[in-house]
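Here is how the chains run, residue by residue.
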Amino acid sequence: MITLLVYPTAANFSKVSEKQAVSDSIIKKTTKIMTKCELCDSPAGELLHENDTLRVILVDEPGYPGFCRVIWRDHVKEMTDLSREDAALLFDWVLRTERAVRKVMSPDKINLATLGNMVPHLHWHVIPRFGDDPHFPAPIWAEARRSPTEKTFPDLARRLRDALMEP
Ligand SMILES: [Zn+2]
């Protein structure tokens, strides 16, 4: 709000409009978070599995092949917004996804995370981690330590789909 007290002389005019542009874009972003949800409005990746309550997506994340998300169908915010039964069902699919990723990719580690600070629509990240991935051993949201490797997993979506269907 200090911006409003600065009289836009020629010398500071561009600074003021720059600040205004920044605050406009924050307002736009906030409005977008409040009125639109990308997890409701778009597939958000390559579909691996879908049922009445959730979907499992293979996310296109550079440097992170096999990064999956398990997305609850309804737009709820927290695990405790679900009934105990639904929470158990969701977590069962998170574990199924973990099992599938381990079977197909044999990662050094799995990271499970649910954050939803940017998109407050309940979803879990299932992230296969390798010792030479861009952030290891830090979380993938930290600053990168190295470039992505050339590691590829041919036919990954199909193999994950098949593995997800195993009992
Ligand atoms: Zn949503």
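Here the structure is a predicted model, which means the values were calculated and not measured.

Cut-offs used in this document
Residues numbered from 1 in each chain as written. Predicted model: local features only at pLDDT ≥ 70, side-chain atom pairs only at ≥ 80, totals over all residues. Helix = DSSP H or I, 4+ residues; strand = E, 2+ residues; numbered from the N terminus. Buried ≥ 20, exposed ≤ 12 C-beta atoms within 10 Å, placed from the backbone. Contact = placed C-beta atoms within 7 Å. Axes fitted to C-alpha atoms, helices over the stretch in contact; angles between N-to-C directions. Parallel < 35°, antiparallel > 145°, perpendicular 65-115°, else oblique. Left-handed = near helix turned anticlockwise from the far one by under 90°.

Whenever I open this one, the overall build of the protein confuses me. Can you help?
A count of helical and extended segments in the protein gives four helices and five strands. Along the protein, from the amino end to the carboxyl end, the secondary structure elements read α-α-β-β-β-α-β-β-α. Residues classed as buried in the protein amount to 19% of the 167 residues present. Put simply, 49% of the contacts in the protein that link residues at least 6 apart link residues at least 24 apart.

Can you walk me through the packing of helix α3 (residues 84–105) against helix α4 (residues 156–164) in this structure?
Think of two packed helices as two axes; the pair is described by the angle between the axes and how far apart they sit. Where α3 meets α4, the closest approach of the two axes is 9 Å, and the angle between their N-to-C directions is 130°. Overall, the two elements α3 and α4 adopt an arrangement that is oblique. By crossing handedness, the relation of α3 to α4 is classed as right-handed. Side by side, α3 and α4 meet where Arg96, Thr97, Ala100, Val101, Lys103 and Val104 of the first sit next to Arg159, Leu160, Ala163 and Leu164 of the second.

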